[in-house]
Amino acid sequence: MRLARFAAALLFSATTLAAGQATKAAYESDPAFQKQRAQAQLFEKQRSNVLFAADAWRKANKLAGNQCMECYLHVIRVLAELGDTKGAVREATAMEAAATTPEDKANAETMQGRTLLYGAGDEKFKPAMLEQAHAALTKAYATDPANRVASFLDGMALARLDRNAEASTAFRAYAEHAPDGSAMKLRAEHFAENPELARHKTAPPVVVTTLAGKRFNLDDMHGRVVLIDFWATWCGPCNQELPHMQKLAKKYANDPFEVISISWDDDEAKWKDFIAAHSMTWNQYRDANHSLSTAFSVNAIPHYFTIDSDGVLTAENVGSGSMADSRIDKLVQRAREAQRERAANAATVVPTGTK
């Protein structure tokens, strides 16, 4: 599973944005640079050519006199996705040396920490690499206290080092300055309350408005199991799975269970008509710009993710017939028991001032 990419991709966009806010450099008007950057962007979008993307970005950076912060960031991202942690760290170190502003320097230090954090594994962690990530992220925050991304990533590193009190502090530092109602704010608040969650595989934070107008927030499921279904009306295997999806939605309609189907359809009218014709009464969302698909690293459909009542990603399945109903049933049963336990505990609480 490519789970480590999820938060990495999300937080990469934040550091890219920060780097892109600087004053335009002279090299950006150079036609040769513009052509090379366009080629690099194309390679990065075409998954079959991603191996060439890092070299293409390096060539663009060379045309920029090795002063292109955007180029460094993309090379780091590509190398990290290809599993070349050492190469990505080297590139981040070069970016730090080339940086001329505190913001760019902090971004480079953040990218060092981010690369080391996710290079340390997502199940069996490498403590030495996590310590290096923590050091780089601490340095990034000292260089630029406005770089809140470093706080979130540092919380992840500290949680995975079992330094939970420090992790909570780092997550709260991020949450205090995150936009109200944002997916990352709620994720940081949950991790601050229970840093242990940051040690587990998690899906990217998702906040969307469904077809029915419901605000769906993956981090606000209140102890429900969630099944995420990537599909499209034109996808034959997806249509083969439709009766199964209908069965699950009906079976657990009164249970702590949510389904959200995320469509690849370009034609909105056709998508809506298909949903109505097939009584798809659960949460529906059309991923028009493929932003969610990118965040989840979904390149083929049908594609499913199962998240338990604690928000931990427990399974990823690709293709028709790949879901295990027994696993979902066990997760829903556990969520039911947890709900009953919470209700029983609430009933035993004596209100203040009563005897």
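Above this text is the structure in question.
Small disclaimer: the values here were computed from a predicted structure and weren't measured.

**A closer look at the pattern of salt bridges**
So, point 1. According to the stated counting rule, one finds 20 salt bridges in the structure shown.
So, point 2. One salt bridge in this structure joins E131 and R163, with 3.4 Å as the shortest N-O distance. Of this pair, E131 sits in helix α7 (residues 127–143) while R163 sits in the loop between α8 (148–160) and α9 (164–177), placing them 32 residues apart in sequence.
So, point 3. Between R163 and E166 there is a salt bridge; the shortest N-O distance is 2.9 Å.

**Things to note about the pairing of strand β4 (residues 257–263)**
Successive side chains on a regular strand alternate, one facing one side of the sheet and the next facing the other.
So, point 1. Counting buried positions along β4 gives seven out of seven residues, so the element sits mostly inside the fold.
So, point 2. Of the two faces of β4, both are covered, the one formed by F257, V259, S261 and S263 as well as the one formed by E258, I260 and I262.
So, point 3. Assessed by its sense of winding, the connection that carries the chain from strand β3 (residues 225–231) through helix α11 (residues 236–251) to β4 is right-handed.
So, point 4. The pairing of β4 with strand β5 (residues 283–286) spans four bridges and is classified as parallel. The partner of I260 across the bridge, within β5, is N283.

**Side note on the state of the cysteines**
So, point 1. This structure, assessed with the given rule, holds two disulfides.
So, point 2. Covalently, C235 is tied to C238 through a disulfide, its sulfur atoms 2.4 Å apart. Given an S-S torsion of about 75 degrees, the disulfide between C235 and C238 has right-handed geometry.
So, point 3. What makes C235 buried here is its relative accessible area of 5%.
So, point 4. Judged by its relative accessible area of 7%, C238 falls in the buried class.
So, point 5. Regarding the disulfides, the protein carries the connectivity 1-2, 3-4 under sequence-order numbering of its bonded cysteines.

**Thoughts on α11**
So, point 1. In this model, α11 (16 residues) spans 24 Å end to end at C-alpha, consistent with the 22 Å of a helix rising 1.5 Å per residue.
So, point 2. Of all the bends in α11, the greatest, near 40 degrees, is centred on L242, and the proline P243 appears no more than four residues after it.
So, point 3. Turning to α11, its buried residues number three or more, namely C238, E241, L242, H244, M245, L248 and A249.

**As for unusual backbone geometry**
So, point 1. Here the amide bond leading from I301 into P302 is cis, since omega sits at 0 degrees, within 30 degrees of zero.
So, point 2. When you line up the elements, P302 lands in the loop between α13 (291–295) and β6 (303–307).
So, point 3. Even without glycine at this site, S279 takes up a positive phi of about 50 degrees.
So, point 4. Note on placement: S279 falls in the loop between α12 (268–277) and β5.

**Quick word on the side chain of R187**
So, point 1. Residue placement: R187 occurs in helix α10 (residues 183–193).
So, point 2. Judged by relative accessible area, R187 falls into the buried class, the value being 7%.
So, point 3. Apart from the residues within four sequence positions on either side, R187 is in contact with F152, T202, A203, P204, P205 and D219.

**Re the environment of F191**
So, point 1. Relative to the helices and strands, F191 is located in helix α10.
So, point 2. Note on F191: relative accessible area 4%, which makes it buried.
So, point 3. Along the sequence, F191 and T209 sit 18 residues apart, while their C-alpha atoms lie 24 Å from each other.
So, point 4. Once you skip the residues sitting within four places of it in the chain, F191 turns out to touch F152, M156, F171, L197, A198 and T202.

**A few points about the sheet that holds β4**
In a beta sheet, neighbouring strands pair by backbone hydrogen bonds and run either parallel or antiparallel.
So, point 1. Reading across the sheet, the five strands line up as β5-β4-β3-β6-β7 and stay open at both edges, with mixed pairing between neighbours. Each edge of the sheet is formed by a strand with only one pairing partner; in this case those strands are β5 and β7 (313–318). Strand-to-strand twist in this sheet, taken as the mean axis angle between neighbours without regard to direction, amounts to 15 degrees.
So, point 2. Inspection of the sheet shows β3 paired to β6 by five bridges, in the antiparallel sense.

The rules we used
Residues numbered from 1 in each chain as written. Predicted model: local features only at pLDDT ≥ 70, side-chain atom pairs only at ≥ 80, totals over all residues. Heavy atoms only, no water. Salt bridge = Lys/Arg side-chain N within 4 Å of Asp/Glu carboxyl O. Helix = DSSP H or I, 4+ residues; strand = E, 2+ residues; numbered from the N terminus. Buried < 20%, exposed > 50% of the residue type's maximum accessible area, 1.4 Å probe, protein only. Right-handed = clockwise from strand over helix to strand, strands pointing away. Pairing = 2+ DSSP bridges. Disulfide = S-S within 2.5 Å. Expected span 1.5 Å × (residues − 1). Bend = angle between axes of the 7 residues up to and from the residue. Contact = heavy atoms within 4.5 Å. Axes fitted to C-alpha atoms, helices over the stretch in contact; angles between N-to-C directions.

Read these as layout, nothing more, since geometry by itself doesn't imply function.
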